[in-house]
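Inside the fold
Okay, here's what each chain looks like letter by letter:
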Amino acid sequence: MKVDISMLLTLVFQASGVSSMGGTEMSEQNRELATIFEVMANVLDIQGENYHRVLAYRRAADSVRALGEPIDKIQSEGRITQIPGIGDILAAKIDEYLRTGQIAAYQKLVNQVPLGLLQILEIPGMGPRRTKLLWETLGISSVDEMEAAALAGQLRQIKGIGARTELKLLDGLRAWRRQRTGRIPLGVAWPLIQEIKRALRDMSGVLQAEPAGSLRRMRETVGDLDLLVAAVDSEQVMVRFRTLPMVDEVLLSGPTKTSIRTMDGIQVDLRVLPPERWGSGLQYFTGSQAHNIRVRALAQEQGLSLSEYGFRRENGAEIVCAGEEAVYMTLGLPWIPPELREDHGEIEAALEGRLPELVKRSDLLGDFQCHTIRSNGDHSLPEMVQAARKAGLHYVVVADHTDGTLCGDGMSMADLDAFLGEVAHLNAQLAGEFRVIAGAEVNIQPDGSLGWPDEVLARLDFVVASVHTDFGLPREQMTQRVLKALRNPYIDMIGHPLGRLLSRREGIDLDMEAVFQEAALRGVAMEINAWPQRLDLNDVYVRRAIQLGVMLGISSDAHDVDGFAVLDFGIAIARRGWSESHHILNTLTVNDVLLWRQRRLTNSRASQRAFE
DNA sequence: GCCGTTTTCGGCCCGACTGTTTTCAGTCG
């Protein structure tokens, strides 16, 4: 039987929430290939294959998923084996995939086990051993069959599973069904962990409390929440944690670790560390797993073993790390920012002393997109300006939707005089302290033309162009649409270029490589929209944009006075994409931003004249 | 299956928690 890859992708995405995890991928081929390797890893795991071989496939999947450029482009340039974790054998499989659209070894593997086992493997409490046992001894090959067997008390026939485990697996199965819709967006996870952190931090004897795991690395979505606490009396902290008001169920609880599930079905893991070992614990639990494996290998090269409790020499002597810096310093490395810890080149960069100086929130002087009651915002222009000042900004682009964008009523061209007058009036009042930039967010029509004519756009000081309709255009047409908008000299930035809404809407189908090249050529910025449901561009594209010399701008897309707080998430995505301050347009002063724009306008007029 | 300035073979991170165990396997992160 030939397994239809798209069907399998659907199955696996549903099972793992992968589609909302990585967001829009660099290309359909990258995504499909990553999933193929992931599936191969899981099948091999179930079959009891050598674990390191399994890991090799997982690592390859992760590498391909994180690529900043289309895999066929890398292939055509002969750089496949330069991808971390891709050796000769996997390179041949990639080649086979790109030539024929399939991989024989993959077909063979998926024919060896029922695909339902891949879903069973996703259930909390089920690993490869048990999945295999269920299949071999009870013939269970789907989640539904497993549930029926558990309800009938048949799972306990299996060696190593008793009545308690059977109940736990049933719980896990139900949690899996609830959660299969996807992972938790950063915008949900972050406030929740802060709330829990505050509740524990207040306790006497608690010295530190910080998020760890993918949350500290600021991934756009997280599977569960990790919180780390340094305290002398761990039991006291565990008791408080288990009895927090949002706790629905305690999953497990020991002296160093407790896991709970909240009323919303979110799992939160708390670990308590002795204060003197805070650094090694924080480093360890921040991950990622791939990063830690590399760090541990470095330790081993130096005759050290590293765990969450610190280093141990071969003679048993300990090196205890109270701070995270000490962990990296022991290995001869500078401290690596959590956002980079994905084993996507940060270890090599650290070894060679070329870690990026990542952009910080305090570097941001302005914001390129906020909305007022002129379109679909909740507050007036003066109120939004006041809020932007309170957020520590020095300038803000007020970029209401233009009419006809389906986002509220929109600002009409007839409103423009009144808008420009209000901006001028505010700027006169604020002279020297703050600058309001008169802008607009104009729609990119399906044919690539813009919602307003050029002579109207020319009256504005900053124009964001975004796709708000006709999200389903085919790739070629969608790409031409955005490219045409990019060639309009009055466009300063493409807003939320992927057009996705996390776990609600897939991104538009766009040849981002072509778009970036055009943006770099024209000197148009690409937006990092910080709104938590967007985070658009995402980290992978940010890194690629930087490689191609594209200027980036971070926007809050604030629709109310509280909306500027999300700039933190925009900064997080920029940092995950290895952005330094000079890659980010709004680290410039307002005058330099206007100069940047003026230069592009002058250049485009000059080239226009040359063309004529 | 990957990888290499101790290398082309033999390593590949490591500990907590649980449940079912009479000493440990499986899962998890």
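So, a few notes on the structure that sits alongside this text.

Rules used in this analysis
Residues numbered from 1 in each chain as written. Chains lettered and ligands numbered in written order. Predicted model: local features only at pLDDT ≥ 70, side-chain atom pairs only at ≥ 80, totals over all residues. Heavy atoms only, no water. Helix = DSSP H or I, 4+ residues; strand = E, 2+ residues; numbered from the N terminus. Rg over C-alpha atoms; globule rule 2.2 N^0.38 Å. Buried < 20%, exposed > 50% of the residue type's maximum accessible area, 1.4 Å probe, protein only. Contact = heavy atoms within 4.5 Å. Lys, Arg positive; Asp, Glu negative; His and termini not counted. Charge placed at Lys NZ, Arg CZ, Asp CG, Glu CD. Pairing = 2+ DSSP bridges. Axes fitted to C-alpha atoms, helices over the stretch in contact; angles between N-to-C directions. Parallel < 35°, antiparallel > 145°, perpendicular 65-115°, else oblique. Left-handed = near helix turned anticlockwise from the far one by under 90°. Nonpolar A, V, L, I, M, F, W, Y, C, P; charged D, E, K, R; others polar. Near = heavy atom within 4 Å. Polar contact = N/O pair within 3.5 Å; in protein donor to acceptor, adjacent residues only side chain to side chain.

From N to C terminus, chain A includes 26 helices and 17 strands. In terms of overall dimensions, chain A is globule-like: its C-alpha atoms have a radius of gyration of 26 Å, near the 25 Å expected for 612 residues. Each of the three principal axes of chain A carries a C-alpha extent, and together these read 80 × 65 × 50 Å. In chain A, which comprises 612 residues, the proportion classed as buried is 54%. Considering only contacts within chain A whose residues lie at least 6 apart along the sequence, 68% involve residues at least 24 apart. Of the charged side chains in chain A, 66 are positive and 81 negative, and the gap between their average positions amounts to 4 Å.

Moving on: the sheet that holds strand 5 (residues 247–253). Across a sheet, strands are paired by hydrogen bonds formed along the backbone, either parallel or antiparallel in direction. One open sheet accounts for 5 strands, arranged 2-4-7-6-5; its pairing is mixed. Each having just a single partner strand, strand 2 (206–212) and strand 5 make up the two edges of the open sheet. Strand-to-strand twist in this sheet, taken as the mean axis angle between neighbours without regard to direction, amounts to 20 degrees. One ladder, built from 5 bridges, connects strand 6 (residues 257–262) with strand 7 (residues 267–273); its direction is antiparallel. Bridged to Lys257 within strand 7 is Arg271.

One can find Ala399 in strand 12 (residues 395–401). Residue classification places Ala399 among the buried positions, given a relative accessible area of 0%. In the structure, Ala399 is positioned 30 residues away from Gln369 in sequence and 5.3 Å away in space, judged by C-alpha atoms. Setting aside its immediate chain neighbours within four residues, Ala399 contacts Phe368, Gln369, Cys370, His371, Gly439, Ala440 and Glu441.

Looking now at the environment of Arg534. Turning to its location among the elements, Arg534 is positioned in the loop between strand 16 (525–529) and helix 24 (539–547). A relative accessible area of 11% means that Arg534 is categorised as buried.

For the rest of this paragraph, the subject is the packing of helix 19 (residues 381–390) against helix 20 (residues 416–429). It is the contact of helix 19 with helix 20, at a shortest axis distance of 11 Å, that shows an interaxial angle of 40 degrees. In this view, helix 19 runs oblique relative to helix 20, as classed from their interaxial angle. Note on packing geometry: the crossing formed by helix 19 with helix 20 is right-handed. Where helix 19 approaches helix 20, its residues Leu381, Pro382 and Val385 are matched on the opposing element by Phe419, Glu422, Val423 and Leu426. For the contact of helix 19 with helix 20, the per-class residue count stands at 6 nonpolar, no polar and 1 charged.

Below, the discussion takes up the protein's contact with DNA strand B. For DNA strand B, the set of nearby residues contains 47 residues, the closest of which are Gly87, Gly125, Gly162, Tyr284 and Ile293. One of the side-chain N or O atoms of Tyr57 is found 3.2 Å from a phosphate oxygen in DNA strand B. Looking at the surface near DNA strand B, the elements with two or more residues in it are helix 4 (51–65), helix 6 (88–100), helix 9 (128–138), helix 11 (163–179), strand 5, strand 7, helix 16 (289–301) and strand 8 (304–307). Ranked by residues supplied to the surface near DNA strand B, first place goes to helix 16 with 5 residues.

Pairing within the open sheet is parallel, and its 7 strands lie in the order 11-12-13-14-15-16-17. Either end of the sheet is taken by a strand with one partner, and the two such strands are strand 11 (366–370) and strand 17 (552–555). As paired strands, strand 12 and strand 13 (residues 435–443) are joined by 7 bridges and run parallel to one another. Note on strand 13: the bridge partner recorded for Ala399 is Gly439. Sitting on the sheet, helix 20 touches strand 12 and strand 13, and the angle it makes with strand 13 is about 155 degrees.

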